[in-house]
Amino acid sequence: MGSILISSSEQYSGKSSLCIGLAVILKKRGFSVGYMKPVGNLLVEVDGTLSDEDSEQALQILGLADDRHYITPVILTENLIEDALHDEDGHLEERILHAYSQIAEGKDAILIEGSGGIGGGIMYNLSDPHVASILHTRILLVTRYDSIQAIDRILCDIKLIPDSQMLAGVILNEVEENDLKQVREQVVPFLKRKEIKVHGIIPKDRTLRSVSISEIVENLHGDVLSGTENLGKLVDHYLVGAMEVNSAIKYFRRTPNSVVITGGDRSDLQMAAIEAGVKALVLTGNLRPSEAVLGSADEAGVPIVLVREDTMSTIERMESLIGHIRIGQNAKLSRIVELIEDNVDIDAIISTMDIREE
Amino acid sequence: MGMLMLNKLFNPASVAVIGASRTKGKVGRVVLENLMLDFGGKIYPVNPSVSEICNLRSYPSIDAIPERVDLAVIVVPAKIVPSVMESCGKAGVSFVVVISAGFKEAGIEGSRLERQCVEIASRYGMKMVGPNCLGIINPLAGLNATFAASMAKPGNIALMSQSGAICTSALDWAEERGVGFSRFVSLGNKADLDENDFLLEFAENPDTKVIAAYLEGVKNGPEFVKIARDVSLKKPVIVVKSGRTSAGSRAVSSHTGTLAGSDQAYNAAFSSSGVLRATSMEEMFDYMRAFSSQPLPTGRNIAILTNAGGLGILAADACLTEGLSLASFEEETIEKLREKLPDAASLYNPVDVLGDASAELYGYALKVVISDPNVHGVIVLTSPQAMTDVESIAKTIADLSPEKPLLCSFVGGTRVRQGLSILDNSGYPGYQFPEKAVSSMRALCDYRDIRNHVYDKPQTLDVDRSAVSNVFNRASRENRRLLGLESFDLLRSYGIPVVPTASASNAKEAAKQAEKIGYPVVMKIMSPDISHKTDVGGVRLNLKDAGEVERAYYTMISNTRRYMPSARIQGVQVQKMISGGIEVIIGMNRDVQFGPLLMFGLGGTYVEVLKDVAFRLAPLSKKEAHSMIASIKTYPLLTGVRGERPYDIESVADVLCRVSQLVYENPELLEFEINPLMVLPEGEGCVAMDMRGTIESKRADI
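Conventions and cut-offs
- Residues numbered from 1 in each chain as written.
- Chains lettered and ligands numbered in written order.
- Predicted model: local features only at pLDDT ≥ 70, side-chain atom pairs only at ≥ 80, totals over all residues.
- Heavy atoms only, no water.
- Helix = DSSP H or I, 4+ residues; strand = E, 2+ residues; numbered from the N terminus.
- Rg over C-alpha atoms; globule rule 2.2 N^0.38 Å.
- Buried < 20%, exposed > 50% of the residue type's maximum accessible area, 1.4 Å probe, protein only.
- Areas by Shrake-Rupley, 256 points an atom, 1.4 Å probe, with all protein chains shown as cover.
- Lys, Arg positive; Asp, Glu negative; His and termini not counted.
- Charge placed at Lys NZ, Arg CZ, Asp CG, Glu CD.
- Expected span 1.5 Å × (residues − 1).
- Arc of directions from axis to C-beta.
- Contact = heavy atoms within 4.5 Å.
- Buried area = accessible area lost by both parts, 1.4 Å probe.
- Salt bridge = Lys/Arg side-chain N within 4 Å of Asp/Glu carboxyl O.
- Polar contact = N/O pair within 3.5 Å; in protein donor to acceptor, adjacent residues only side chain to side chain.
- Nonpolar A, V, L, I, M, F, W, Y, C, P; charged D, E, K, R; others polar.

Caption draft 1: Inspection of the overall build of chain A at higher detail. Helix and strand counts for chain A come out as 16 helices and 17 strands. The globule rule puts the C-alpha radius of gyration for 358 residues at 21 Å, and the 23 Å found for chain A is close to it. Summarising its shape, the C-alpha atoms of chain A cover approximately 65 × 50 × 40 Å along the three principal directions. Within chain A, the proportion of its 358 residues that are buried is 57%. As presented, chain A carries roughly 15,500 Å² of accessible surface, and 47% of it is formed by carbon and sulfur atoms. Chain A carries 34 positive and 56 negative side-chain charges, and their two centres are separated by 7 Å.

As structure tokens, this is what we get:
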């Protein structure tokens, strides 16, 4: 049985997607795969118990049979935080070890997802390197390569890893097309000279950043007034329509793969958005648009979504929706798998995991 | 589609009213009664549940009528309109007027019904007016196929309106003023027949002298411009286009489910197609009356005749504000006036016959003034003073029929009412205020210029199309919608001079390029994500040697990284620094209704602060380009002030025409701007220093 802990410099670097993608790939290669996120930091309530959002997503997508208390044995509740602040020992290490042994039963490989950033949880002695050393596993570090500063981050992060052997390698995620050349030709050799192996360079992908209109509808608890046939379309931007109509049309045209948020009474902006060919309209404040606008939206096949909330809170919700990947649909999962297969050295990862084939 | 096509709509031999009703006050009943009032052709009520309405035999359906029906007026509920239209189509009906509401204006269901109707009409080759309209009137044929409360008097004005209520108001207003119509059309939702079709019909119709329209938008902008250009050479076309302001355009969208479109585009479209734009309904009515009754002036020199100094001054001011001149009289005219007018009277323009002037004196002065060869039109003003006999003055004017336009304004209330109505009945427009008479006179003068206008054909130059498609393909490959400096080939391929430019991706290279180009140079950041380079410290001017270029490179890259960390930086552009010129901007925004709308203005603050810009629709002829340049307020800065040398305006006109062709031939360019275009002194040309563009993304879907 082999395992690996997937850690990252910051939240939202792509840990969950990488875990799930790798799990799918290993399954395809005939391994029986387990998943753990030992320290849950994104609390959700499921069937009357507390769980972690990432764990629940993995549980669902991978169809795991394991008990969710073993998948995420430690959940960072207020109680646990207070205990830690009073130096009380919650026997967290034992809980994690026990859960791990339960999950390991009958598995060839376990993918362990870190919690937040690499150093997160250090106050409970549960940072990612701590957990890795308890479980005798190695760390695969994922970093969003947003600028040259990503290298600084990587070099800092590995200082948190006590034993250089523990670092299995890094994956550079969401690399801009423009930066790919420099990353391949200069960054990778640079890291190699510092004995840091780069196991993958994953380019930025539009499909993954995007969200379907039906997800928006669901998330905003909206009513769909038109264009139901196009709820499956994906958008990767949201625009706020609050300006004068002639500037609005320029603004909307530049970003056609977007959803426009505006008030139900701004019929001019609604028509400008429809004319500019945006993918959907979200109308806030529960103000129904005019019937004539609805007629035009229907003709153009543009979904109009009516929500109760005001524009500000709708923007906030949209902010958390777009760009943060929730693998809601099959399209996204298969895109993730495809990206990993194309850009990550799977064999290298398998060999660092030390999987013994039965 | 010409007159022959729509003639039968206005002159049908037979009309069916589908949904005719026995119940008094119902639309189906009112339409039938209106038709029965005057119409000489056959009338067939259609209603499946009764056998006779208003003593006419009623038919259960359109196909039960023994002869082919030319026009069917449909007043049944929206839901069954498609099936009714289907049977009309089968029965060979040529035209339908769908009065029923409940279509696109009523939402999704209605919008689908409306599309169904259009499809049925086109399948059977029927033409449809409406839906959601008041109907149509041809007073000369006694045809009133509306549910209006009044009938229009015969006349020479053809009016169409996108608002049924405005139709109703216009009919009522016209009745009071004795204004008559040759055609009267309520356009409704314009699902099939629209303003363009009726413009053509009105132009061909010999009974129509003036065309007027109330519009909230046009359905096919470029076609409208083409048609209006032809029509306005034959007859005046007066349009009120509402939705000019943000509040108005919001109301248009909400009312019609269309975009009102930018008012600049409408102004450009109207002025380039000879349409007289009225700013209000009142102004449209004012113009209609002037055109309906008056001959066209041969010039812009106006004589004012008044019995009150104050009114004369107001009118004189208004004339000059509207761009008219006050005529200078011949000596003979002044002599003749002196013969009869009292000593205190003013003999010069404005002519003041004084407060106690009799109708006879008015008549004398009017005849003298109007026969002066320097006078192209006369405005007669009257204030009801103690001794004034307004009615006799009105009668005196009414008896004249001069070959020059004569507009009157009787200013007052109850004491001028009778006089005004005498004028109305004799075909002379009587206005309540002097300014209204003046603006109507100005419209007459403007139309004279429009009718004499010769439209030049825009030139088409040979261009290198492969370079153009290379630029677009590269952007699409890189998934970019913004074009910047890297797309200078677009300008080069259309023969637009660009400043010597080279790109560099490191400091050494930048310095090397600068050496080649020659100092001083300008350096600009190159990034598909930055369109306002100056805002992020992405432009450096006047760099004089390699050291300055290298240092500028480093600071520029660092600044940009700091202000826009997410921007993709592709390097810098090094350009020759050009001085001694004046900066202008040439831009284009693709209007949803009219297509490419060109913009021209002086660079910098003139555009941003003073909004001193001119708009025209592409394609542009050289003549139009020159008139566009000359129309900005700061034009004198280009021609040279205080002994300065003039700048090369001819080269700017040339670039305008080339940009016009570029944006006209490449619909994927949604926005485009050369900013700045550096204009050098006369004879030295101009060069584009920078450009921006937005293209439609062909691979928009994720």
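Caption draft 2: Local environment of helix α17 (residues 465–477) of chain B. Residue and element names in this part refer to chain B. The end-to-end C-alpha distance of α17, which contains 13 residues, comes to 18 Å, matching closely the 18 Å that a straight helix rising 1.5 Å per residue would cover. Every buried residue of α17 is listed here: Ala467, Val468, Val471, Phe472 and Ala475. Seen from one end, α17 has its buried residues packed into an arc of 135 degrees, which puts them on one side. Residues Asn470 and Arg477 are exposed on α17 and point more than 90 degrees away from its buried face. Against the buried residues of α17 lie β21 (482–483), α18 (488–493), β29 (669–679) and β31 (691–695).

Caption draft 3: Helix α22 (residues 622–630) of chain B, seen in detail. Residues and elements named next belong to chain B. Those residues of α22 lying buried are Glu624, Ala625, Met628 and Ile629. End-on view of α22: buried residues confined to an arc of 140 degrees, all on one side of the axis. Tucked inside the fold, the buried residues of α22 contact α7 (221–234), α9 (263–273), β27 (595–602), β28 (613–617), α23 (635–639) and α24 (649–665).

Caption draft 4: Structural detail: the interface of chain A and chain B. Chain A puts 37 residues into the contact, and the matching count from chain B is 35 residues. For the pair chain A and chain B, the summed buried surface comes to about 3,000 Å²; carbon and sulfur atoms form 52% of the total. Where chain A touches chain B, the interface holds five salt bridges. Arg115(B) is paired through a salt bridge with Asp298(A); the nearest N and O atoms lie 2.9 Å apart. Counting across the interface, chain A meets chain B through 13 residue pairs in polar contact (both at pLDDT 80 or more). Take the side of chain A that touches chain B: its biggest share by element is eight residues, from helix α13 (residues 291–300) of chain A. Here the side of chain A that touches chain B is composed, by residue class, of 11 nonpolar, 11 polar and 15 charged.

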